[in-house]
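Spelled out, the chains give:
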Amino acid sequence: MSAKPTVLFVCVHNAGRSQMAAGYLQAFAGDRIEVLSAGSEPKDRINPVAVDAMAEEGIDIAGNTPKLLTVDAVKESDVVITMGCGDACPIFPGKRYEDWQLDDPAGQDADTVRRIRDEIRGRVERLIGELTPTV
């Protein structure tokens, strides 16, 4: 893994889970970790309930745009975290892969999205601890 690891979050629509995870990682890790997110079938905009849930945490993801998952994004990444996108993500030797089993926030009410958001936050905090150990 490089001195500054790159993490790619992937979900189907790149409009909820992966955007929330990327928002947390960017906010908490700053410039210590490069953050990417993408989707196997991206939507045209971020889930507004996810945007509101993250805004409650002081993290603005409203200006983000869902992106299509590319082979290059996977190649550039040290850690690839999938969230319900099945086999859409290409596998390359030497990469760390994790599949986070999380409910899809699409079509969910605000309380459900908050629960998903909070679970993502805990996982991102653990990931930061693993990727940026203290000296």
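An account of the accompanying structure is given in this report. Only a predicted model underlies this, so the values are computations on that prediction, with no experimental measurement involved.

### A look at the overall build of the protein
Across its full length, the protein carries four helices and four strands. Along its sequence from the N terminus, the protein presents helices and strands in the succession β-α-β-α-α-β-β-α. For 135 residues, the compact-globule formula gives about 14 Å, and the C-alpha radius of gyration of the protein, at 14 Å, lands near that figure. The principal-axis extents of the C-alpha atoms in the protein amount to approximately 40 × 35 × 25 Å. Within the span of the protein, comprising 135 residues, buried residues form 46% of the whole. If you take every contact in the protein between residues at least 6 apart in sequence, the share linking residues at least 24 apart comes to 70%. Positive and negative charge centroids in the protein, built from 15 and 22 side chains respectively, lie 2 Å apart.

### A few points about the packing of helix α1 (residues 17-29) against helix α4 (residues 110-131)
Here α1 crosses α4 at 45 degrees, and the two axes come no closer than 9 Å. Between α1 and α4, the angle falls in the class oblique. α1 and α4 meet at a crossing whose hand is right-handed. Counting all contacts with α1, which are made through R17, M20, A21, Y24, L25, F28 and A29, the residues of α4 involved are V113, I116, R117, I120, R121, V124, E125 and I128.

### So, helix α2 (residues 48-55)
The complete set of buried residues in α2 reads A50, V51, A53 and M54. Each buried residue of α2 sits inside an arc of 165 degrees when the element is viewed along its axis, so together they form one side. Residues of α2 that are buried in the fold lie against α1 and α4. Taking the backbone nitrogen of V49 as reference, a side-chain oxygen 2.8 Å away marks N47 as the first, capping residue of α2.

### Side note on the sheet that holds strand β1 (residues 6-11)
Across the sheet, four strands lie side by side as β2-β1-β3-β4; this open sheet has parallel pairing. Two strands bound the open sheet, and with one partner strand each, they are β2 (34-39) and β4 (96-99). When strand polarity is set aside, the average angle formed by the axes of neighbouring strands in this sheet is 20 degrees. In the sheet, strand β3 (residues 79-83) pairs with β4 via four bridges, with the strands oriented parallel. Opposite I81, over in β4, you have E98 as the bridge partner. Against the sheet, α1 makes contact with β1, β2 and β3, and its axis sits at roughly 160 degrees relative to β1, the strand it touches most.

Conventions adopted
Residues numbered from 1 in each chain as written. Predicted model: local features only at pLDDT ≥ 70, side-chain atom pairs only at ≥ 80, totals over all residues. Heavy atoms only, no water. Helix = DSSP H or I, 4+ residues; strand = E, 2+ residues; numbered from the N terminus. Rg over C-alpha atoms; globule rule 2.2 N^0.38 Å. Buried < 20%, exposed > 50% of the residue type's maximum accessible area, 1.4 Å probe, protein only. Contact = heavy atoms within 4.5 Å. Lys, Arg positive; Asp, Glu negative; His and termini not counted. Charge placed at Lys NZ, Arg CZ, Asp CG, Glu CD. Axes fitted to C-alpha atoms, helices over the stretch in contact; angles between N-to-C directions. Parallel < 35°, antiparallel > 145°, perpendicular 65-115°, else oblique. Left-handed = near helix turned anticlockwise from the far one by under 90°. Arc of directions from axis to C-beta. Polar contact = N/O pair within 3.5 Å; in protein donor to acceptor, adjacent residues only side chain to side chain. Pairing = 2+ DSSP bridges.

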